[in-house]
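Observations on the three-dimensional arrangement
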Amino acid sequence: MAAKDELGRHGEDVAVEYLQRCGLVVLDRNWRCREGELDVVCVQGERLVVCEVKTRSCTRFGEPAEAVTPRKAVKVRRAAQAWLAARGVGWTEVRFDVVAVVVEPGRPTTLQHFEAAF
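Residues numbered from 1 in each chain as written. Predicted model: local features only at pLDDT ≥ 70, side-chain atom pairs only at ≥ 80, totals over all residues. Heavy atoms only, no water.

Structural notes on the pattern of salt bridges
So the rule is basically this: Put simply, a salt bridge is a Lys or Arg side-chain nitrogen that is within 4 Å of an Asp or Glu carboxyl oxygen. For the exposure calls, accessible area comes from a 1.4 Å probe over protein chains only, and a residue counts as buried if that area is under 20% of its type's maximum, exposed if over 50%, partly exposed in between.
Here the structure, examined in full by the defined rule, presents 10 salt bridges. Here R34 makes a salt bridge to E35, at a shortest N to O gap of 3.6 Å. The exposure class assigned to E35 is partly exposed, which follows from its relative accessible area of 27%. A cluster of three or more residues bridged by salt bridges with shared partners is formed by E52, K54 and K72.

Structure below.
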């Protein structure tokens, strides 16, 4: 596995642990379809929460959450529609979050959770 892939996987693991501690129930990870990929799909009460996880090893070139562009948000929304259809879920409230993780060597891992980010 490439170092970038390992970093991303580690960031997703950190994000999932955090989300579970916050009371969210994880339904899916790395769900793929023609429209793209959903990093983490959770429920919080009656609400479906789709989390885009961005992990970086430093912030020299910007914060991880800045990588969620309007174009990326559209792709995630389309993939979420496909997930709902594949699971046979009718109308439900959906929130789109971003979880930004920075894993800088020699420093504590940091995490920021942006609810309803897009």
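Observations regarding the sheet that holds strand β5 (residues 110-114)
Here is the rule: At least two DSSP bridges between two strands are required for those strands to pair. Each helix corresponds to a stretch of at least 4 residues labelled H or I by DSSP, and each strand to a stretch of at least 2 residues labelled E; elements are numbered beginning at the N terminus. To get an axis, a line is fitted to the C-alpha atoms, and for a helix only the part in contact is used. The angle between two axes follows their N-to-C directions and goes from 0 to 180 degrees. Working rule for contacts: check all heavy atoms of both residues, and any pair within 4.5 Å makes them a contact.
Taken together, the 5 strands give an open sheet; going across it, the order is β1-β2-β3-β4-β5, and neighbouring strands pair in mixed fashion. Edge positions in the sheet fall to β1 (25-33) and β5, since each of these pairs with one other strand and no more. Geometrically, the sheet is characterised by an average inter-axis angle of 25° between neighbouring strands, direction not taken into account. Helix α1 (residues 3-21) rests against β1, β2 (36-44), β3 (47-56), β4 (94-102) and β5 of the sheet, and its axis sits at about 140° to β3. Sitting on the sheet, helix α2 (residues 70-87) is in contact with β1, β2, β3 and β4, with an inclination near 105° to β1.

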